[in-house]
Amino acid sequence: MLSNCHEVKYAKVNRTMKDGNKEEFECPMAIDFYNKIMGGVDFADQMANVYGLDQKSCKWWKKVFFRLLMSAVVNSWIAYCELKH
């Protein structure tokens, strides 16, 4: 992994093993930072991919349109949930 904003240092992270035990590992700072900030993006992608709108016989511009539409729907749902609280 290449990064120009992180030094070559390691951070201590806790990982849960398959049997439920937690162990401490060393992880590069760039990967630790990536794992901390990517939660929202991964969640939005996961929510957008619930509905399979991808069709093989669909033209490319329709795929782009539906992907942007699903992103707008997910973003509006997240904004609604934030404003509701």
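Residues numbered from 1 in each chain as written. Predicted model: local features only at pLDDT ≥ 70, side-chain atom pairs only at ≥ 80, totals over all residues. Heavy atoms only, no water.

**What about a nonpolar patch on the surface?**
- Among the surface-exposed residues, Phe43, Trp77, Ile78 and Tyr80 lie close enough to one another that they form a single nonpolar patch of about 410 Å² accessible area.
- For the nonpolar patch, the element with the most residues is helix H3 (residues 60–84), which contributes three residues.
- Its location among the elements puts Ile78 in helix H3. (Patch = residues over 30% accessible without salt bridge, like charges linked within 9 Å, V, L, I, M, F, W, Y side chains within 5 Å. Areas by Shrake-Rupley, 256 points an atom, 1.4 Å probe, with all protein chains shown as cover. Salt bridge = Lys/Arg side-chain N within 4 Å of Asp/Glu carboxyl O. Helix = DSSP H or I, 4+ residues; strand = E, 2+ residues; numbered from the N terminus.)

**Notes on the pairing of strand E2 (residues 22–28)**
- In this structure, strand E1 (residues 10–16) lies alongside E2, joined through seven bridges in antiparallel fashion. Each residue of the ladder has a partner; that of Asn14, found in E2, is Glu24.
- Between E1 and E2, which follow one another and run antiparallel, lie five residues, and Gly20 among them has a positive phi close to 100 degrees. (Pairing = 2+ DSSP bridges.)

**Some details on the side chain of Asp32**
- Positionally, Asp32 belongs in helix H1 (residues 29–37).
- A relative accessible area of 12% places Asp32 in the buried class.
- Discounting chain neighbours no more than four positions away, the residues touching Asp32 are Ala11, Val13 and Cys27. (Buried < 20%, exposed > 50% of the residue type's maximum accessible area, 1.4 Å probe, protein only. Contact = heavy atoms within 4.5 Å.)

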